[in-house]
Amino acid sequence: MPDGIVLACLVGLPFVAAIVAGLLPTRARDTASMLAGAVALVCLGLVWSAYGTVSGGGVLRAELPWMPQLGLSIVLRMDGFAWLFAGLITGIGALVVLYARYYMSAEDPVPRFFSFLLAFMGAMTGLVLSGHLVQLALFWELTSFLSFLLIGYWHHTAAARDGARMALTITATGGLSLFAGVLVLGHIVGSYDLDVVLAAGDTIRDHPLYIVALILIVLGALTKSAQFPFHFWLPHAMAAPTPVSAYLHSATLVKAGVFLLARLWPVMAGTDAWAWTVGLAGLITMLIGAYIAIFQNDLKGLLAYSTISHLGLITLLLGLKSELALIAAIFHTMNHAAFKCSLFMAAGIIDHETGTRDIRRLSGLNGPMPFTARLALVAAAAMAGVPLLNGFISKEMFFAEALSATAPVHPLLNVLPLAAMLASAFSVVYSLRFIHGVFFGSPPTDLPRTPHEPATWMRFPVEILVLTCIMVGVLPAATVGPYLDIAARAVLGDATPYYSLAVWHGVNLPLLMSVVAMAAGVTIYLILQRRLREGMDGPPLIRHLDAQRLFERAMVTLSWRLARTLERIAGTRRLQPQLRLILIAAIVAGAGAAFVRGVGPGNLVPAPIDPVLALLWVVGAACALGAAWQAKFHRLAATILLGGVGLVVCVTFVWFSAPDLALTQLTVEIVTTVLLLLGLRWLPKRMQSSSAREPEVLGRTRRLRDLAIATAAGGCMAMLAYVVMTRTPPELLAQHFLARAYLEGGGTNVVNVILVDFRGFDTLGEIFVVGVVALTTFALLRRFRPAADSVELPEQQRDQLEADEARHARDDGRHVADWLLVPFTLTRLLFPVMLVAAAFLLLRGHDLPGGGFSAGMVVAIAIILQYIVGGTEWTEDRLSLLRPPAWIGTGLLLAAGTGVAAWAFGLPFMTSYFSYADLPVLGKVPMASALIFDIGVFVLVVGATLLMLIALAHQSVRGRRSTPRTLPQAKASPRVADAVGGGG
Amino acid sequence: MELVVSLGIGIVAGSGVWLLLRPRTFQVIIGLSLLSYAVNLFIFSTGGLRSGAAAVLARDEAGTLAQYADPLPQALVLTAIVIGFATTALLLVVLLAARGLTGTDHVDGRERDQ
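Residues numbered from 1 in each chain as written. Chains lettered and ligands numbered in written order. Predicted model: local features only at pLDDT ≥ 70, side-chain atom pairs only at ≥ 80, totals over all residues. Heavy atoms only, no water.

Visitor: Please provide a residue-by-residue account of the overall build of chain A, values included.
Guide: Looking only at helices and strands, one finds 41 helices and four strands in chain A. Looking at the 984 residues of chain A, the share that counts as buried comes to 53%. A sequence separation of at least 24 residues applies to 78% of the contacts in chain A between residues at least 6 apart. When the accessible area of chain A is evaluated, it comes to approximately 42700 Å², of which 68% is carbon and sulfur surface. (Helix = DSSP H or I, 4+ residues; strand = E, 2+ residues; numbered from the N terminus. Buried < 20%, exposed > 50% of the residue type's maximum accessible area, 1.4 Å probe, protein only. Contact = heavy atoms within 4.5 Å. Areas by Shrake-Rupley, 256 points an atom, 1.4 Å probe, with all protein chains shown as cover.)

Spelled out as structure tokens, the structure:
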């Protein structure tokens, strides 16, 4: 099979299966576990199929370019080291799935469990197979996230929720640190590709940023592998179902940290900084973890701290400056996975069959569960490092390294063998406690359940793992030798030293150390046994060094106290101070930049001032100031003045050769004004009154301050605009667009060609925004309830109705209709003219000023005019086609469809096509696909504009119908509501 | 000419900013509209103010900046005008809904406490 398929299946298959498992019915325990088991076995088979390649030192590699310009690709890469881990993940995964099938209760939503477990397997495989640093960081975070989901699987218990949150906080933060670290590393090397990075060891170690990258990456690894001082999340993660603890928190997830350290060992290790950070963390963790493990009363807690300690041992080995230590680390990683996973499973069986995990309550289980007892005994012996078991061999290697390694400072060398022996003695103590406390002693009494042997298949995974422990322990070179060799050579290459895997190396110092440690361990256990049985409240001496409490205090301070304080100091719920701050910051930033960089006079000579334009702008400025002046008490006047400014802007566009803009500005101006006028009705009356609720001085100070800000903002804008205008504009894309508009876009109106062709994708996004905005306004208005003081009919309407009332012969509303008769006739005559004008604007848009936007606005104006003069009922009776939401949908489909149609010709999205058709009568007509796109824009603009205007306008009709009325009402047509879908 | 337009931009922007800082929702909406005029004009002016430059290409011709007005800021502003209209409409409706819910047209949804 090609490399690509093998690797892609290894990573992809678990994710696909995770989705499938997630979709299974809640009670489908057997189906889900069969699926998960099959996937794990298939993946294991795939890993095995790669053995031929990697055993010869080859590397499987598949690359899928994503953003090659940025050096971002998806690279899957499997060398011997990754192969070993992939085998570990899939192999143990298969065993854990089998175990979980029997462990999980039928009451639990088991498919969800397997879904998470499979996804985790995929993420973990992706992590070890990543050939790209960024991708590695991504999978890294994914494993943290899935671990969070799995720990929190029983989310109805507080312990699971807290444990999951703590694990995520620690490991995901470490993951971010790692991400930053690999970015620095990639920057140093100039590539994120793992092969390139692994070949650049000297560059990395000599780079000034080496120490930064080192600290960030090591932080990531230490948090993931639960190293001191981040170790405390692991014991809390024991709230997870036991299969999760066995899989994630002993065999795979926590090994990701040491995997990464070993992966980068050839290029980053060997410096004093590395030895200090990695080695010291490992040393402390190994000792503290082993010490605390002795005093745990919970079986899983004991195993968790023991895991921390063993991970510390591996980290310490990686921190030593020795290739042999690296090999020992890899070896111990495998051994630890085998015996710790089986111990977790045994603990799970005990919990499952007796109902408790408390060592103080358990005893004498050897009687009712003899098989489990023997299996656990062997596994615990492996953990303690008893000869003829796998733990012994890697421990011997560790002792040998502890004796011979070179360390940054000499005294550390004398400490190291002692520390190694001490940790080893402790591991004997807690292993003894596990076995002796649970399986020996008086027969069990007062347990929640009567203990008995578990189902045969539940024990099967434990048997396999324990068998592995024994075989590796007896015949290391024959069983695990070749695989370890593959992995070691993949990391170290030609630098792989000679090493010997054998049970017996003769009587030497490491063996002597083993014997001493064993004896010391047994002695300590005998001394402590009584007190441990009675139960001790935490480990002596360091009882108060509770990292968890520190963590919680830090979390409270950070996420609660600090946030509250900051909010109190800098927060406000009032809009004005916020806007004021933003504006001041913007002004200061802009003016500051200009001040620092300096602004000289421009190179262009300003054109002479045209008196007409100057006069025009005198009017414009007066309008703007007037609008600002009047917006509080005279809203109608302000709206009119705003329109005045808009018209001046519009004329300015014409003046400076931008007819398209002027056209759009003019039509938008009209619609905006109508919109504002419609809104006026719902705002409260505001009279100028002297009854100020606050001292006048305060208000005046505030206004003066705002006036200063406004003046500064306006002044800065004016200066900026002047400075920009008196310089030659930079040569950006203008030339490009001008040169190609006709030759490649087929249109002479360059602005339109840019909108519908060159930057058509932007326009597509824009019309989506317009459509969404229209639907949002509509949705907001559906539930619109006017304020109490706006419910009544406005004064003007009341007058009109009274006038109608006075003459009994007239229907309601005649008064207005009579007054508007002339405009009414005129607008009716104008309607077809406007539609033709719109069609004209639309069709010629590609070549002459016009286009979908302005044409759509013209149609909307034509219709809204009918509404204004003819009234809602009259208009909607005649325009039954008026279904704005349908127009919006059609427009979006047309525009997007034009873009998609390019795919049918094998071209990229939104590629346009054009030619000129010679039609009779009309002559040469441009037939660009962009025209269809523009029609889509047109249809959408019509629909969106109308929807907004009509929805707002209908509120007056609705308001009258839904409130108790004191006055005779105009008949409200039900069609009104139907047309825009509003409820009454 | 440049002076007139830039002064115009400044005055319109200043009026807009003043209104943005006012407490009533209608003032804010007028202020935002004024500010968007100013900003649109400013973006437009970055292409240089050219009166009498051709806006439409002749057939079969690759245009140059020497003859034609810069189309890029124009295209940007055209988009901005339409989006500005949409957001103004949205803001107006949100303000009306807030006014209906809270009974006041103060930007904070409640009158200033004193």
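Moving on from the model shown.
Visitor: Before we move on, can you summarise helix H27 (residues 611-630) of chain A with the specific residues and values?
Guide: The terminal C-alpha atoms of H27(A), which comprises 20 residues, lie 28 Å apart, in line with the 28 Å expected from a rise of 1.5 Å per residue. For H27(A), the complete set of buried residues consists of A:Leu613, A:Trp617, A:Gly620, A:Ala621, A:Cys623, A:Ala624, A:Gly626, A:Ala627 and A:Ala628. Contacts made by the buried residues of H27(A) are with helix H28 (635-655) of chain A together with helix H1 (2-20) and helix H2 (25-45) of chain B. With a side-chain oxygen lying 2.9 Å from the backbone nitrogen of A:Val612, the N-terminal cap of H27(A) falls on A:Asp610. (Expected span 1.5 Å × (residues − 1). Polar contact = N/O pair within 3.5 Å; in protein donor to acceptor, adjacent residues only side chain to side chain.)

Visitor: Tell me about the interface of chain A and chain B, and please be specific about residues and values.
Guide: At the interface, 111 residues of chain A touch 90 residues of chain B. At the junction of chain A with chain B, the criterion picks out three salt bridges. The partner of B:Asp105 in a salt bridge is A:Arg635, with the nearest N and O atoms 3.5 Å apart. Linking chain A to chain B there are nine residue pairs in polar contact (both at pLDDT 80 or more). In terms of residue class, the side of chain A that touches chain B is built from 74 nonpolar, 18 polar and 19 charged. (Salt bridge = Lys/Arg side-chain N within 4 Å of Asp/Glu carboxyl O. Nonpolar A, V, L, I, M, F, W, Y, C, P; charged D, E, K, R; others polar.)

Visitor: Please give an account of the pairing of strand S1 (residues 60-67) of chain A that cites residues and values.
Guide: Residue and element names in this part refer to chain A. Across seven bridges, S1 lies against strand S2 (residues 72-78) in antiparallel orientation. Bridge pairing links proline 65 to serine 73 in S2. The antiparallel pairing of S1 with S2 creates a hairpin that spans four residues between the two strands, and glycine 71 there sits at a positive phi of about 75 degrees. (Pairing = 2+ DSSP bridges.)

Visitor: Describe the pattern of salt bridges, listing the residues and the values that go with them.
Guide: Residue and element names in this part refer to chain A. Counted under the stated rule, the structure contains 23 salt bridges over all chains. In this structure, the salt-bridge partner of arginine 357 is aspartate 351, at a minimum N-O distance of 3.8 Å. Relative accessible area serves as the criterion here: at 17%, aspartate 351 is assigned to the buried category. Its salt-bridge partner being aspartate 706, residue arginine 580 comes within 3.0 Å of it at the nearest N-O pair. One end of the pair, arginine 580, is in helix H26 (residues 575-597); the other, aspartate 706, is in helix H30 (residues 696-725), and 126 residues separate them in sequence. The class of aspartate 706 is buried, set by a relative accessible area of 0%. Here the salt bridges do not stand alone but share partners, grouping Arg61, Glu63, Arg77, Asp79, Asp193, Asp195 and Arg263 into one network.

Visitor: Quick rundown of the side chain of A:Ser309? Include the residues and the values.
Guide: Residues and elements named next belong to chain A. For serine 309, the position within the fold is in helix H16 (residues 299-319). Side-chain polar atoms of serine 309 contact the backbone oxygen of methionine 286, separated by 3.0 Å. Setting aside its immediate chain neighbours within four residues, serine 309 contacts Thr285, Met286, Gly289, Ala290 and Tyr430.

Visitor: Go over helix H18 (residues 370-384) of chain A, please, and point to the residues and values.
Guide: All names here are of chain A. For H18, built from 15 residues, the straight-helix expectation of 21 Å at 1.5 Å per residue is met to within 8% by its first-to-last C-alpha distance of 21 Å. Among the residues making up H18, those that are buried are Thr372, Ala373, Leu375, Ala376, Ala379, Ala380, Ala381, Ala382, Met383 and Ala384. A positive backbone phi angle near 85 degrees is found at glycine 385, which sits one or two residues after H18.

Visitor: Which residues make up the environment of A:Gly391, and what values do they have?
Guide: Residues and elements named next belong to chain A. Its place among the elements puts glycine 391 in helix H19 (residues 390-404). A relative accessible area of 4% places glycine 391 in the buried class. In the structure, glycine 391 is positioned 79 residues away from isoleucine 470 in sequence and 9.6 Å away in space, judged by C-alpha atoms.

Visitor: Help me get a handle on the nonpolar core, residues and values and all.
Guide: Residues and elements named next belong to chain A. Core analysis: the biggest nonpolar cluster contains 205 residues, and Met78, Trp233, Met268 and Leu318 have the highest contact counts within it. Here the element with the most residues in this core is helix H17 (residues 323-354); it accounts for 19 residues. Residue-level mapping places this core at the junction of two domains, with at least three residues from each of domain 1 (1-131) and domain 2 (265-536). Filtering out sequence-adjacent residues up to four positions away, methionine 268 remains in contact with Leu185, Ile204, Arg205, Tyr210, Ala213, Leu214, Ile217 and Trp274. (Core = buried A, V, L, I, M, F, W, Y, C linked by side-chain atoms within 4.5 Å. Domains from an automatic or database assignment.)

Visitor: Talk me through the packing of H30(A) against H1(B); I want residue IDs and the actual numbers.
Guide: Across the interface, H30(A) lies against H1(B) with an axial gap of 7 Å and an inter-helix angle of 150 degrees. With respect to each other, H30(A) and H1(B) are oriented roughly antiparallel. Handedness of the H30(A)/H1(B) crossing: right-handed. On H1(B), the residues touching A:Arg703, A:Asp706, A:Leu707, A:Ile709, A:Ala710, A:Ala713, A:Gly714, A:Met717, A:Ala718, A:Ala721, A:Tyr722 and A:Met725 of H30(A) are B:Glu2, B:Leu3, B:Val5, B:Ser6, B:Leu7, B:Ile9, B:Gly10, B:Ala13, B:Gly14, B:Val17 and B:Trp18. Here the residues of the contact of H30(A) with H1(B) sort into 16 nonpolar, four polar and three charged. (Axes fitted to C-alpha atoms, helices over the stretch in contact; angles between N-to-C directions. Parallel < 35°, antiparallel > 145°, perpendicular 65-115°, else oblique. Left-handed = near helix turned anticlockwise from the far one by under 90°.)

Visitor: Which residues make up the confidence of the model for chain B, and what values go with them?
Guide: Residues and elements named next belong to chain B. Confidence along chain B averages 87 in pLDDT terms, with 98% of residues attaining 70 or more. Looking over chain B, one finds the lowest element-wise mean pLDDT in helix H3 (residues 71-102), namely 90, and the highest in H1, namely 94. Taken over the whole predicted complex, pTM reads 0.67, whereas the ipTM for its chain interfaces reads 0.95. (pLDDT = per-residue confidence, 0-100.)

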